[in-house]
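Observations on chain architecture
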Amino acid sequence: MAFKRGFYLICGLCSLALGLLGIPLPILPTVPFILLAAFCFARSSDRLHNWLMTHPWFSEGLNDWAQNRGIRKGLKKKAYIVSGLSFAVSIAIVPLIWVKVMLLCFALGLGFFLKQIPELDD
């Protein structure tokens, strides 16, 4: 039991760290890692789970996902804008063509993924 809780705690902390890194980095997605962190914290630490579920940056999206399996239109629009700008800057800065193509493919993949997520009214 303690091993399982420790495993979930370590996975949750790593997922949270990757999700936070994903905010400024275009290649790393934020939302899946934050969702995974919430899942892991729910199984390992009530205190961290409550902190994440009430955090001003993540609580709205996490609660919408937990209750309705969707995200609000405004949040989805912000995700498109921030990820689009982040990828655009990265593509503009990178000197290698193959990396630019790879970043563009990741951006398109993320766009298609976001499009598949059900929208909730604001």
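Here the structure is a predicted model, which means the values were calculated and not measured.

Attention shifts here to the pattern of salt bridges. Within the structure shown, the criterion is met by four salt bridges. The residue Arg 72 makes a salt bridge to Asp 64 at a minimum N-O spacing of 3.0 Å. The exposure class of Asp 64 is buried, given its relative accessible area of 5%. Between Glu 119 and Lys 76 there is a salt bridge, and its shortest N-O distance comes to 3.6 Å. One end of the pair, Glu 119, is in strand β2 (residues 119-120); the other, Lys 76, is in helix α5 (residues 73-93), and 43 residues separate them in sequence. In this structure Glu 119 comes out as partly exposed when scored by relative accessible area, which is 44%. Salt bridges sharing common partners tie together Glu 60, Asp 64 and Arg 72.

Turning next to the packing of helix α2 (residues 31-44) against helix α3 (residues 46-54). Relative to each other, α2 and α3 sit at 145°, their axes nearing to 7 Å. As for how α2 packs across α3, the hand of that crossing is left-handed. In this structure, α2 uses Ile 34, Ala 37, Ala 38, Phe 41, Ala 42 and Ser 44 to contact α3, whose residues at the interface are Asp 46, Leu 48, His 49, Leu 52 and Met 53. Grouping the amino acids of the contact of α2 with α3 by side-chain chemistry returns eight nonpolar, two polar and one charged.

Before going further, it helps to spend a moment on the layout of surface pockets. Of the volumes computed, that of the largest pocket is approximately 1,100 Å³. Along the walls of the largest pocket sit 35 residues, with Ile 23, Thr 30, Val 31, Leu 75 and Ala 79 positioned nearest its centre. Tallying contributions element by element places α5 first for the lining of the largest pocket, with eight residues. The class makeup of the residues in the lining of the largest pocket is 25 nonpolar, six polar and four charged.

A few words now on the state of the cysteines. Scanning the entire structure with this criterion turns up zero disulfides. Take Cys 40: it sits in no disulfide, and the sulfur closest to it among the cysteines is that of Cys 11, at 5.1 Å. The class for Cys 40 is buried, based on a relative accessible area of 3%.

All right, on to helix α4 (residues 59-68) then. Where α4 is concerned, the buried positions are Ser 59, Gly 61, Leu 62 and Asp 64. Of the surrounding elements, those touching the buried residues of α4 are α2, α3, β1 (71-72), α5 and β2. Two residues or fewer after α4 comes Arg 69, characterised by a positive phi angle close to 55°.

To continue, consider the UniProt feature "transmembrane region" (unreviewed entry) in the protein chain. Look at the UniProt record and you will see "transmembrane region" (unreviewed entry) annotated at residues 6-39 and 79-112. Annotation note: span residues 79-112, helix share 91%, strand share 0%, distance between end C-alpha atoms 12 Å.

Inspection of the secondary structure puts Leu 28 in the loop between α1 (2-21) and α2. Owing to a relative accessible area of 23%, Leu 28 belongs among the partly exposed residues under this scheme. For the pair formed by Leu 28 and Phe 106, sequence separation is 78 residues and the distance between their alpha carbons is 9.8 Å. Sequence-distant contacts of Leu 28, that is, excluding residues within four places in its chain, are made with Leu 18, Leu 21, Gly 22 and Phe 33.

Conventions and cut-offs
- Going along each chain's sequence as written, the residues are numbered from 1 onward.
- Under the rules for a predicted model, residues below a pLDDT of 70 receive no local features and side-chain atom pairs below 80 are neither given nor counted, while totals for whole chains, interfaces and linings still include all residues.
- Based on all heavy atoms of the structure, the side-chain values leave hydrogens and waters out of the count.
- Take a side-chain nitrogen of Lys or Arg and a carboxyl oxygen of Asp or Glu: if they are within 4 Å of each other, that pair is a salt bridge.
- Using a 1.4 Å probe on the protein chains alone, a residue whose accessible area is under 20% of its type maximum counts as buried, one over 50% counts as exposed, and one in between counts as partly exposed.
- For helices the rule is a DSSP run of H or I covering at least 4 residues; for strands it is a run of E covering at least 2, with both sets numbered from the N terminus onward.
- Note on geometry: axes are lines fitted to C-alpha atoms, helical ones only across the stretch in contact, with angles between N-to-C directions running from 0 to 180 degrees.
- If you view the pair so one helix is near and one far, a crossing is left-handed when the near helix is turned anticlockwise from the far one by less than a right angle, and right-handed when it is turned clockwise.
- Working rule for contacts: check all heavy atoms of both residues, and any pair within 4.5 Å makes them a contact.
- All residues other than Ala, Val, Leu, Ile, Met, Phe, Trp, Tyr, Cys, Pro, Asp, Glu, Lys and Arg, Gly among them, are scored as polar; the first ten of these are nonpolar and the last four charged.
- Both site types are read off a 1 Å grid over the protein atoms alone. A 1.4 Å probe that fits but cannot get out defines a cavity, while an open set with protein on both sides within 12 Å along at least five of seven lines defines a pocket; lining residues have an atom within 4 Å of a point.
- Grid points are joined across faces, edges and corners, and a volume is the space filled by probe spheres set on the points.
- Cysteine sulfurs are considered disulfide-paired once they come within 2.5 Å of each other.
- UniProt positions are given in the numbering used here, feature names are shortened, and annotations may be inferred rather than shown by experiment.

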